[in-house]
Amino acid sequence: MTATETLTARLAVVRARITAACERAGRDPAEVTLVAVSKTHPLDSVRDALAAGLTDLGENRAQELVPKAEAAAAAGLAPRWHFIGHLQRNKARDVLPHIAVLHSLDSPSLIAEIERRLPAPARVGAAPRLRCYLEVNVAGEAQKDGVSPDDLASLLSVASASPALEVVGLMTVAPLVPDPEVTRPVFRTLRELARAHGLAGLSMGMTDDFEVAIEEGATAVRVGRAIFGERQN
Ligand SMILES: *Cc1c(COP(=O)(O)O)cnc(C)c1O
């Protein structure tokens with residue numbers, strides 16, 4: 001098989017698994033956005049992904065997103081880029097022009113930086129706002145990014161008041177454990193937090209746990225290895 005055929009075949013399997021998980025949960029697969037995480041994979045993989053019908057691609061590092069998005073644009077490829085990793089304030093200026101969705105908003109200081117760096121029309125609310133998810137460290141893991149559930153309300157009030165942002169929901173990265181059932185309560189807690197704060201979007205679920213995440217209400221899953229194969233570095 002060519003690389004293109006391999007990607008197309010893997011994508012068909014992922015889509016079938018998404019559909020099956022939706023059926024188990026009585027949900028419409030159209031409610032679930034598949035964000036294909038292309039990190040570590042070259043521009044050819046971006047091309048293959050778009051040819052296979054994917055529209056939304058995710059990257060987690062500014063140093064990788066920016067050159068890849070520029071190269072894609074130069075090649076006439078226009079995926080909707082999602083930034084899913086921790087965004088350092090000093091990288092916001094470089095990243096913002098390329099992305100449609102930020103999954104990892106995690107501090108008032110990043111909000112202030114985004115307001116400074118977005119084009120002026122966005123600052124006064126005249127341009128489309130940056131769609132964003134607030135990242136929550138549900139399991140309270142020390143090494144993880146994201147706000148604690150206790151700090152969510154105050155971050156949300158700052159984000160909601162920003163003319164530059166449209167808060168669409170919450171995001172989490174579940175603990176890495178072999179059994180996806182162990183992560184189910186994490187996803188459930190994120191859903192309950194979102195409901196308590198009146199937010200509809202839930203960005204949760206990766207290669208090892210996206211079906212459980214969908215059963216628990218995910219509206220965006222971020223899937224890398226199951227689509228692109230093992231990471232290349
Ligand atoms: C890499 C990454 C993913 C995708 O991980 P896979 O296990 O390859 O599906 C999802 N979300 C975030 C935040 C990531 O960094």
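For the structure given in this document, a descriptive report is provided here. Quick caveat: nothing in here was measured; it's all calculated off a predicted structure.

The local shell around the ligand consists of Val-37, Lys-39, Asn-60, Ile-84, Val-173, Met-206, Thr-207, Arg-222, Val-223, Gly-224, Arg-225 and Arg-231. Contact between the ligand and Thr-207: an oxygen atom at 2.5 Å from a side-chain N or O atom of the residue. Contact distances for the ligand include 2.9 Å between a nitrogen atom and a side-chain N or O atom of Arg-222. By residue class, the composition of the shell around the ligand is 5 nonpolar, 3 polar and 4 charged.

Attention shifts here to unusual backbone geometry. The phi torsion at Thr-40 lies on the positive side, around 75°, for a residue other than glycine. Of note, Thr-40 is situated in the loop between strand S1 (33-37) and helix H2 (43-51).

This brings us to the nonpolar core. Residues Leu-102, Leu-105 and Ile-227 are the most contacted members of the largest nonpolar core, which totals 65 residues. Considering each element in turn, this core owes the most residues, 6 residues, to helix H1 (residues 3-25). For Leu-102, the residues in contact, after removing those within four places along its chain, are Phe-83, Leu-87, Leu-110, Ile-114, Leu-130, Arg-131, Cys-132 and Tyr-133. Within the second largest apolar cluster, 5 residues are counted, among which are Val-101, Tyr-133, Met-171 and Ala-220.

So, on to the environment of Gly-224. Take Gly-224: it is sitting in the loop between strand S8 (220-223) and helix H10 (225-228). Taking the C-alpha atoms as reference points, Gly-224 and Ala-49, separated by 175 residues in sequence, lie 11 Å from one another.

We now examine the pairing of strand S2 (residues 56-59). Alternating positions in S2 separate into two faces, Asp-56 and Gly-58 on one and Leu-57 and Glu-59 on the other, with burial throughout. Once you follow S1 into H2 and on to S2, the crossover reads as right-handed. The sheet contact formed by S2 and strand S3 (residues 80-83) spans 4 bridges and is parallel. Counterpart to Leu-57 in the pairing with S3 is Trp-81. Where the polypeptide runs from S2 across helix H3 (residues 62-74) and back to S3, its parallel neighbour, the crossover connection is right-handed.

On to the pairing of strand S5 (residues 130-135), then. Of all 6 residues that make up S5, 5 are buried, and the element is covered over most of its length. Across 3 bridges, the pairing between strand S4 (residues 99-105) and S5 is parallel. Each residue of the ladder has a partner; that of Leu-102, found in S5, is Cys-132. Pairing of S5 with strand S6 (residues 165-171) involves 6 bridges; the strand directions are parallel. The partner of Arg-131 across the bridge, within S6, is Glu-166. Handedness of the β-α-β unit built from S5, helix H7 (residues 152-160) and S6 comes out right-handed.

Time to look at the packing of H1 against H2. The interhelical angle for the contact between H1 and H2, taken along N-to-C directions, is 55°, at an axis separation of 9 Å. By the angle between their axes, H1 is oblique relative to H2. For the pair H1 and H2, the sense of crossing is right-handed. On H2, the residues touching Ala-3, Thr-4 and Leu-7 of H1 are Ser-45, Asp-48 and Ala-49. The residue makeup of the contact of H1 with H2, split by class, is 3 nonpolar, 2 polar and 1 charged.

Another aspect to go through is the environment of Val-147. Here Val-147 shows up in the loop between S5 and H7. Of the residues examined, Val-147 reaches a relative accessible area of 10% and is grouped as buried. Residues Val-147 and Ile-18, spaced 129 residues apart in sequence, show a C-alpha to C-alpha distance of 28 Å. If we skip the residues at most four places from it in the chain, Val-147 touches Asp-106, Glu-135, Val-136, Asn-137, Leu-152 and Leu-155.

Right, let's talk about helix H8 (residues 180-196) for a bit. Relative to the 24 Å expected for 17 residues at 1.5 Å per residue, H8 spans 25 Å between its end C-alpha atoms, a close match to the ideal helical length. Of the residues making up H8, those classed as buried are Thr-183, Arg-184, Val-186, Phe-187, Leu-190, Leu-193 and Ala-194. If you check the start of H8, you find a side-chain oxygen 2.8 Å away from the backbone N of Glu-181, and it comes from Asp-179. Gly-198 sits one or two residues past H8 and shows a positive phi near 70°.

What counts, and where the lines are drawn
Residues numbered from 1 in each chain as written. Predicted model: local features only at pLDDT ≥ 70, side-chain atom pairs only at ≥ 80, totals over all residues. Heavy atoms only, no water. Near = heavy atom within 4 Å. Polar contact = N/O pair within 3.5 Å; in protein donor to acceptor, adjacent residues only side chain to side chain. Nonpolar A, V, L, I, M, F, W, Y, C, P; charged D, E, K, R; others polar. Helix = DSSP H or I, 4+ residues; strand = E, 2+ residues; numbered from the N terminus. Core = buried A, V, L, I, M, F, W, Y, C linked by side-chain atoms within 4.5 Å. Buried < 20%, exposed > 50% of the residue type's maximum accessible area, 1.4 Å probe, protein only. Contact = heavy atoms within 4.5 Å. Right-handed = clockwise from strand over helix to strand, strands pointing away. Pairing = 2+ DSSP bridges. Axes fitted to C-alpha atoms, helices over the stretch in contact; angles between N-to-C directions. Parallel < 35°, antiparallel > 145°, perpendicular 65-115°, else oblique. Left-handed = near helix turned anticlockwise from the far one by under 90°. Expected span 1.5 Å × (residues − 1).

Function cannot be inferred from these measures alone, as they are strictly geometric.
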